[in-house]
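Below are the chains, spelled out letter by letter.
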Amino acid sequence: MNGRPSERFNLTVEDDGQYAERLVFTNGREGRTRVHTGRAVRDRIDQMTYTDYGEDWVYTSVAQDPDTGVITGVTTTSPAKDAHHTATWAPITTAERDAFQQAQEEKWREFWRVVASVGA
């Protein structure tokens, strides 16, 4: 375990930048898209996990596309069943972040409208 993955793989991450995170698991399941700051992306890349052999990095393989800035991390160490996944963090603009958050808020408003309409 020499060096944090965010340093070892020579990534360029803007601390105050915005990144859209997408997870795809080995069984084909996809996580919901989330938005993080660059600082949070670096923290996620540098997360640790416990394995049968001790502590290890969650993301053991990380690469960044030099043209798009998209970062891809692959997990291979998680001891949890179906936890292995590929994560991508794509840089987004403030306008894209705001549109994403607005769409998420509208989705939840609609969900609660439906819940209220059935009297739950």
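What comes next is a walk through the structure. (Residues numbered from 1 in each chain as written. Predicted model: local features only at pLDDT ≥ 70, side-chain atom pairs only at ≥ 80, totals over all residues. Heavy atoms only, no water.)

1. Re the side chain of glutamine 18
The condition is simple: Secondary structure counts use DSSP, requiring at least four H or I residues in a row for a helix and at least two E residues in a row for a strand, with both numbered from the N terminus. When a residue's accessible area, from a 1.4 Å probe over protein chains only, is under 20% of the maximum for its type it is buried; when over 50% it is exposed; and in between it is partly exposed. Only heavy atoms enter the contact rule, under which two residues are in contact if any of them lie within 4.5 Å.
For glutamine 18, the location among the structural elements is in strand S1 (residues 18-25). On the basis of relative accessibility, which here comes to 13%, the residue glutamine 18 falls in the buried class. Apart from the residues within four sequence positions on either side, glutamine 18 is in contact with Val35, His36, Thr37, Ala90, Pro91, Ile92 and Arg97.

2. Things to note about the pairing of strand S7 (residues 85-92)
Quick reminder of the rule: A pair of strands is treated as paired once DSSP finds two or more bridges between them.
In this structure, S1 lies alongside S7, joined through eight bridges in antiparallel fashion. Across the sheet, phenylalanine 25 pairs through a bridge with histidine 85, a residue of S7. Taken together, the four bridges between strand S6 (residues 71-75) and S7 define a ladder with antiparallel strand orientation. Across the sheet, glycine 73 pairs through a bridge with alanine 87, a residue of S7.

3. Overview of the sheet that holds strand S5 (residues 59-64)
Test applied: Fitted lines through C-alpha atoms serve as axes, helices being fitted only where they are in contact, and the angles separating the N-to-C directions of these axes extend from 0 to 180 degrees.
If you walk across this open sheet you meet the five strands as S2-S1-S7-S6-S5, and the pairing is antiparallel. Both edges of this open sheet fall to strand S2 (34-37) and S5, since each of them pairs with a single strand only. For this sheet, the mean inter-axis angle between neighbouring strands, taken without regard to orientation, is 25 degrees. On top of the sheet, helix H2 (residues 38-45) reaches S1, S2, S5, S6 and S7; it is set at about 100 degrees to S2, its chief contact.

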